[in-house]
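Given next are the chains, with one letter for each unit.
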Amino acid sequence: MQQQEDSGEDIVIVGAGLAVALGLHRYVCPQAASVVSCVGLVGGWLSDSHCVFLARGVGSVVLESSPALRASGFAFAMWPNAFRALDALGVGDKIRKLHVQAQALRVASSSTGAVARELDFSGKQGGAPFEFRCVRRDVLLKVLEAELPRGTIRYSSKIVSIDQQHGDSKIIHLTDGSILRAKVLIGCDGINSVVSKWLGLAKPSYSGRSATRGLAHYPDGHVFQPKFLQFFGHGFRFGYVPCNANDVYWFYTWCPVPAEALELVQSSEVSDAPAAPLRFRSPFSLLFAKISKGNVCVAGDALHPMTPDLGQGGCAALEDGVVLARCLGEAILGGGDRAGGVAEKKRIESGLRKYAGIRRWRSIELVGTAYVVGFLQQSSNTIVSFLREKFLSGMLARRLVKMSNYDCGTLSR
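Residues numbered from 1 in each chain as written. Predicted model: local features only at pLDDT ≥ 70, side-chain atom pairs only at ≥ 80, totals over all residues. Heavy atoms only, no water.

1. Some remarks on the overall build of the protein
The cut-off we apply is this: Runs of E in the DSSP output that reach at least two residues are strands. Runs of H or I that reach at least four are helices, and both are numbered from the N terminus. Classification of residues uses two cut-offs on accessible area relative to the type maximum, computed with a 1.4 Å probe and protein chains only: under 20% is buried, over 50% is exposed, and between them is partly exposed. Any two residues whose heavy atoms approach within 4.5 Å at even a single point are treated as in contact. Where accessible areas are quoted, they stem from the Shrake-Rupley method and a 1.4 Å probe; at the residue level, only the protein chains shown are allowed to cover.
Within the protein, the regular secondary structure consists of eleven helices and 20 strands. Residues counted as buried form 53% of the 413 residues belonging to the protein. Long-range contacts, defined here as pairs at least 24 residues apart, represent 76% of the contacts in the protein between residues at least 6 apart. Carbon together with sulfur atoms contributes 56% to the accessible area of the protein, which is approximately 18,400 Å² in total.

2. Observations concerning the packing of helix H1 (residues 18–26) against helix H9 (residues 313–333)
In helix packing, the relevant descriptors are the interaxial angle and the interaxial distance, both defined with respect to the helix axes. Under the convention used in this document: All axes here are fitted lines through C-alpha atoms, helices being fitted over the stretch that makes contact, and every angle between N-to-C directions spans 0 to 180 degrees. Crossing handedness is read from the near helix: turned anticlockwise from the far helix by less than a right angle, it gives a left-handed crossing, and turned clockwise, a right-handed one. Put simply, Ala, Val, Leu, Ile, Met, Phe, Trp, Tyr, Cys and Pro go in the nonpolar bin, Asp, Glu, Lys and Arg in the charged bin, and everything else, Gly too, in the polar bin.
Following both chains from N to C, one finds H1 and H9 inclined at 35°, their axes separated by 8 Å at the closest point. You can see that H1 and H9 cross each other, and the crossing is right-handed. The segment H1 lies against H9, with Ala19, Val20, Gly23 and Leu24 engaging Leu318, Gly321, Leu324, Ala325, Leu328 and Gly329. Within the contact of H1 with H9, the residues separate by chemical class into seven nonpolar, three polar and no charged.

3. Section: the environment of asparagine 244
Put simply, the test is: Polar contact is defined as a pair of N or O atoms within 3.5 Å, subject to the rule that within protein one atom must be able to donate a hydrogen and the other to accept it, and that residues adjacent in sequence are counted only when both atoms are side-chain atoms.
Tracing the sequence through the fold places asparagine 244 in the loop between strand S16 (236–242) and strand S17 (247–253). Asparagine 244 gets classed as buried once you look at its relative accessible area, which sits at 19%. Placed 146 residues apart in sequence, asparagine 244 and leucine 98 show a C-alpha to C-alpha distance of 7.1 Å. When sequence neighbours within four positions are dropped, the list of residues in contact with asparagine 244 reads Leu98, Val100, Arg136 and His222. Of the polar contacts made by the side chain of asparagine 244, one reaches the backbone nitrogen of aspartate 247; its length is 2.8 Å.

4. Description of the packing of aromatic side chains
For any pair of aromatic rings, the description rests on two quantities: the centre-to-centre distance and the angle between the ring planes. Using the following cut-off: For Phe, Tyr and Trp, rings pair up if their centres lie within 6.5 Å, where Trp contributes its six-membered ring, and each pair is then called stacked (planes under 30 degrees apart), edge-to-face (over 60) or tilted (otherwise).
Under the defined criterion, the tally for this structure stands at 14 aromatic pairs. Ring geometry for tryptophan 79 and phenylalanine 130: centres 6.3 Å apart, planes at 80°, overall edge-to-face. In this pair, tryptophan 79 is assigned in the loop between strand S4 (75–78) and helix H4 (80–89) and phenylalanine 130 in the loop between strand S8 (128–129) and strand S9 (133–136), connecting sequence segments 51 residues apart. There is no split in this pair, since tryptophan 79 and phenylalanine 130 are both buried. Where phenylalanine 224 meets tyrosine 240, the ring centres are 5.1 Å apart and the plane angle is 65°; that geometry is what we call edge-to-face.

5. Brief notes about the nonpolar core
The cut-off we apply is this: Each nonpolar core is a collection of buried residues, namely Ala, Val, Leu, Ile, Met, Phe, Trp, Tyr and Cys, held together in the definition by side-chain atoms within 4.5 Å.
Counting 105 residues, the largest nonpolar core has Trp79 and Ile186 as the members making the most contacts within it. If sequence neighbours within four positions are ignored, isoleucine 186 has contacts with Ile11, Val12, Ile13, Val14, Val20, Cys297, Leu324 and Leu328. If you look at the next biggest cluster of nonpolar residues, it comprises twelve residues, including Ala216, Tyr218, Phe236 and Val248.

6. Remarks on the pattern of salt bridges
Definition in use: A carboxyl oxygen of Asp or Glu within 4 Å of a side-chain nitrogen of Lys or Arg is what we treat as a salt bridge.
Counting across every chain of the model gives 20 salt bridges. The closest approach of N and O atoms between glutamate 147 and lysine 94, which form a salt bridge, is 2.3 Å. Of this pair, glutamate 147 sits in the loop between helix H6 (137–146) and strand S10 (153–154) while lysine 94 sits in helix H5 (residues 92–98); the two residues are 53 residues apart in sequence, bridging distant segments of the chain. Residue glutamate 147 is classed as buried on the basis of its relative accessible area of 17%. With its nearest N and O atoms 3.8 Å apart, the salt bridge here joins glutamate 365 to arginine 399. Placement of glutamate 365 in helix H10 (residues 342–378) and of arginine 399 in helix H11 (residues 382–403) is noted, with a sequence separation of 34 residues between them. Of the residues examined, glutamate 365 reaches a relative accessible area of 35% and is grouped as partly exposed. Through salt bridges with shared partners, one network takes in Asp87, Asp93, Arg96, Glu131 and Arg133.

7. Some details on the confidence of the model for the protein
The condition is simple: Note: pLDDT gives the predictor's confidence per residue, expressed from 0 to 100.
On average, residues of the protein score 84 in pLDDT, and 80% of them reach the 70 mark or higher. Of all the helices and strands in the protein, helix H3 (residues 48–55) carries the lowest mean pLDDT, 41, while strand S20 (residues 296–298) carries the highest, 98. Counted against residues more than four places away or in other chains, residues 34–55, with its pLDDT under 50, gives 13 contacts.

Right, here's the structure in full:
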């Protein structure tokens, strides 16, 4: 296949990095906005087009491997920290309108049926109403895509390798033989990330557990209460939560399942419920890992693949998107010079290091906590099972809520 080099791009995002792209698009440099305001006050000699240039965000290209936006998939648990990120991106209310607010988290024993703990979600966290919604993956992606400029997403663009070019641009080779040059390369390409491999991050490890999940659809509406239910047992865990009036997200790991699980599985297409091993990146490896290197960094599952026991994988990716857009946007627009050169290169590298510093410890905490919570919830050890039934289930439920008490900030701070 003949190789064809495309025109260079400033920022290339590999994978499902729509949150990063939207954050960059909506980033407004505080210094630039101040300049526009001051100029308007002292005479208004600057034209509208120049004002837009000073205050506008940063463009990017998203490389999506599929031929179209993938509407398939399941759902994400969206805790308060995720909605803070969605609000920063300007799409929080759109997601709220399409998904029901869960009223409580109920944790029960699969062997006895006894409710070990129920947490009320009607209170507040950080002065704001506590939010938990199960958000359909396809809905979230469509909402993010609709807010991006036309042409931001380049479909059927699967990356195969990365080369270094003189002048620090990265050469990206795609499966169709085409080549892209990137001034900044961001890997949002999932657990099998090509970009994280290029950075030298540790290969994700198998947790020893597997899971399956799905989306049960009820055309005429379901009868499930708006609560997040989890059942734990000897080597087994099952849970479900309604997304809206017609869809219920469910998940389980191996071993016998209660009647609720069977009913939900039977309401789902078999092809929509694949089984998969649960993998994670060792939190110890993240202590000194190169999350960023020069003008390259990673985010989302490419950075912190974790077991789903906290329901924080999607939330953390949204946090990444806001923080990365803020750090990179400030680096590119904050210098007041988009012409390139050594100064801009140093600002970009510094901005990516700042992002890596902010997200390193948050990633370590999330990955480590998710692994421990999953182990305790599913362990078949007699002692652990006894402690879980009597004492640990309430503590683990509270831990889920505590991990959501995080604010990634806005795009300007």
